[in-house]
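The residues making up each chain are set out below.
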Amino acid sequence: MNLDSRIKFRHLLCFLEIARQGSFAKAADTLSISQPAISKTLKELEDLLQTRLFDRDKSGVELTAAGVRFMRYAGPCVQALRDGVSSLRGEPHEAPQVRIGVLSTVESQLLPEVLCRLHARHAALVVSVATGPGAYLLAQLHVGELDLVIGRMTDSPQIQGLSFEHLYSESMTLVVRPGHPLLEARPLNAEQVGACPWVLPLAGTTIRKHADSLFVQCAITPSAQRLETLSPTLSRRYVASSDAIWVAPRDAVQRDIATGQLYELDLGVHEPGGSVGICRNAALPLSLPAQWLCEVVREVAAQYEQSSTVP
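Everything numeric here is computed off the predicted structure, so don't read it as measured data.

J.: What's the story with the nonpolar core in this structure? I'm lost.
T.: Across soluble globular proteins, you tend to see nonpolar side chains buried next to one another. The biggest cluster of nonpolar side chains holds 24 residues, and the ones touching the most others in it are Ile100, Leu110, Tyr168 and Leu293. Among the elements of the structure, β3 (97-102), α6 (110-121), β5 (148-152), β6 (163-170), β12 (274-280) and α12 (288-309) are those that each provide at least two residues to this core. Sort the elements by how many residues they give to this core and α12 lands first, with 8 residues. Ignoring any residue separated from it by four or fewer positions in sequence, one finds Leu293 in contact with Val98, Ile100, Val114, Leu118 and Leu148.

See below:
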């Protein structure tokens with residue numbers, strides 16, 4: 001089938017921005033056009049493709065299965081054109097760059113180790129790091145604005161159309177400040193634990209599903225007093241100044257536990273852990289800097305996997 005010459009660059013930009021924002025109104029604001037104009041542009045594209053690209057409801061818009069397939073190619077297509085234009089306008093000796101999305105599960109420990117090794121080998125490399133919920137980062141990966149996303153993502157519906165490379169498994173743990181009342185309680189019971197304030201990942205995220213699974217295994221009913229965040233820094237500071245219990249990925253708190261700044265609560269149940277890995281858009285060839293990054297991530301992750309299997 002020949003490409004329909006009536007499909008224009010503006011159609012692709014419109015489609016990608018709606019997918020990124022999950023809202024016609026936000027997409028219109030970003031593109032500085034009216035909402036009726038963006039609706040009209042999308043309708044033109046759907047008519048040309050003879051398929052519906054989004055499902056619409058009161059909460060916003062969501063890609064259809066056809067929309068997910070189309071985005072796998074539309075995003076890299078637009079990004080490739082942008083890169084081509086940038087190569088003509090950019091400085092001749094511009095430093096190589098890799099753009100990555102990082103989930104909170106790897107932000108505290110794995111990523112700093114990776115960056116130190118990477119910059120030791122490639123001094124002139126720019127690493128641009130975006131953080132946030134997995135769904136947001138994967139949407140950026142779909143449209144070609146990120147080269148890679150690293151973290152727990154295997155349960156996310158947005159991973160459809162992307163490739164995932166498993167690196168290691170990471171379990172969840174419960175941690176509290178030094179001197180917390182529960183550290184003296186013997187034995188711990190579910191009612192005491194559940195009555196404390198909680199620090200939890202955001203509802204709807206992959207890591208929150210693992211936290212909820214831990215509650216079920218331990219028969220804990222968490223109190224209504226809770227902080228929901230993906231920020232390790234905020235979580236750490238809040239727990240340090242309160243009696244809250246933080247349900248945290250082990251990578252995020254391993255160093256704090258080793259230095260005595262946080263203590264684990266042993267409930268006798270260990271959540272099996274989620275798969276941490278590298279996600280990429282298989283429709284877009286990896287740049288050389290992205291390949292460098294993957295190489296170092298695999299090295300560091302291999303050490304994590306080995307340490308987790310040592311008896």
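J.: So what exactly am I meant to see when it comes to empty space enclosed by the protein here?
T.: To find leftover empty space, a probe the size of one water molecule is rolled over the atoms. In the structure shown here, the tally under the stated rule is 1 cavity of 30 Å³ or more. Reported here for the largest cavity is a volume of approximately 100 Å³. As for the largest cavity, its lining consists of 14 residues, and the residues nearest its centre are Ser104, Thr229, Leu230, Trp246 and Pro249. Those elements that place two or more of their residues in the lining of the largest cavity are β8 (198-200), α10 (232-240) and β10 (245-249). For the lining of the largest cavity, the element with the most residues is β10, which contributes 3 residues. When its residues are assigned to classes, the lining of the largest cavity shows 10 nonpolar, 4 polar and no charged.

J.: Please clarify how the environment of Glu228 should be interpreted in this entry.
T.: Here Glu228 shows up in strand β9 (residues 226-228). Considering only alpha carbons, one finds Glu228 and Arg177, 51 residues apart in sequence, at a separation of 18 Å. Sequence-distant contacts of Glu228, defined by excluding residues within four places in its chain, comprise Leu200, Pro201, Leu202, Ala203 and Arg208. Here the side chain of Glu228 touches Arg208 through a polar contact of 3.1 Å, side chain to side chain.

J.: Sorry, what's going on with the sheet that holds strand β7 (residues 172-176) here?
T.: Adjacent strands of a sheet pair through backbone hydrogen bonds, lying either parallel or antiparallel. Pairing is mixed across the open sheet formed by 5 strands, whose spatial order is β9-β8-β10-β7-β11. For this open sheet the edge positions go to β9 and β11 (263-264), each flanked by a neighbour on one side alone. Against the sheet, helix α9 (residues 206-218) makes contact with β7, β8, β9 and β10, and its axis sits at roughly 75 degrees relative to β7, the strand it touches most. Helix-sheet contacts for α10 involve β7, β8, β9 and β10, and the interaxial angle to β10 is about 150 degrees.

J.: What is the right way to look at the domain arrangement of the protein in this model?
T.: How big an interface is tends to be stated in terms of the accessible area lost upon association of its parts. Each domain of the protein was delimited in the assignment, giving domain 1 (9-66), domain 2 (97-169 + 274-308) and domain 3 (172-265). Here the C-alpha centre of domain 3 lies 40 Å away from the C-alpha centre of domain 1.

J.: Looking at this structure, how should I read the sheet that holds β3?
T.: The strand order across the open sheet formed by 5 strands is β4-β3-β5-β12-β6, and the pairing between neighbours is mixed. The open sheet is flanked by β4 (126-131) and β6, the only strands paired with a single partner. In this sheet, adjacent strand axes meet at a mean angle of 20 degrees when their direction is disregarded. Set on the sheet, α6 makes contact with β3, β4 and β6; between it and β4 the angle comes to about 170 degrees.

J.: Looking at this structure, how should I read the packing of aromatic side chains?
T.: Centre distance and the angle of the planes are the two values used to describe a pair of aromatic rings. Within this structure, the stated rule accounts for 3 aromatic pairs. Taking the centre distance of 5.1 Å and the plane angle of 65 degrees together, the rings of Phe15 and Phe70 count as edge-to-face. Of this pair, Phe15 sits in helix α1 (residues 9-21) while Phe70 is found in helix α4 (residues 65-89), placing the two residues 55 residues apart along the sequence. One aromatic cluster is present, formed by Phe15, Phe54 and Phe70 through successive ring pairs.

How each quantity is defined
Residues numbered from 1 in each chain as written. Predicted model: local features only at pLDDT ≥ 70, side-chain atom pairs only at ≥ 80, totals over all residues. Heavy atoms only, no water. Core = buried A, V, L, I, M, F, W, Y, C linked by side-chain atoms within 4.5 Å. Buried < 20%, exposed > 50% of the residue type's maximum accessible area, 1.4 Å probe, protein only. Helix = DSSP H or I, 4+ residues; strand = E, 2+ residues; numbered from the N terminus. Contact = heavy atoms within 4.5 Å. 1 Å grid on protein atoms, 1.4 Å probe; cavity = no way out; pocket = protein on both sides within 12 Å on 5 of 7 lines; lining within 4 Å. Points joined across faces, edges and corners; volume = space filled by probe spheres on them. Nonpolar A, V, L, I, M, F, W, Y, C, P; charged D, E, K, R; others polar. Polar contact = N/O pair within 3.5 Å; in protein donor to acceptor, adjacent residues only side chain to side chain. Pairing = 2+ DSSP bridges. Axes fitted to C-alpha atoms, helices over the stretch in contact; angles between N-to-C directions. Domains from an automatic or database assignment. Phe/Tyr/Trp six-rings, centres within 6.5 Å; stacked < 30°, edge-to-face > 60°.

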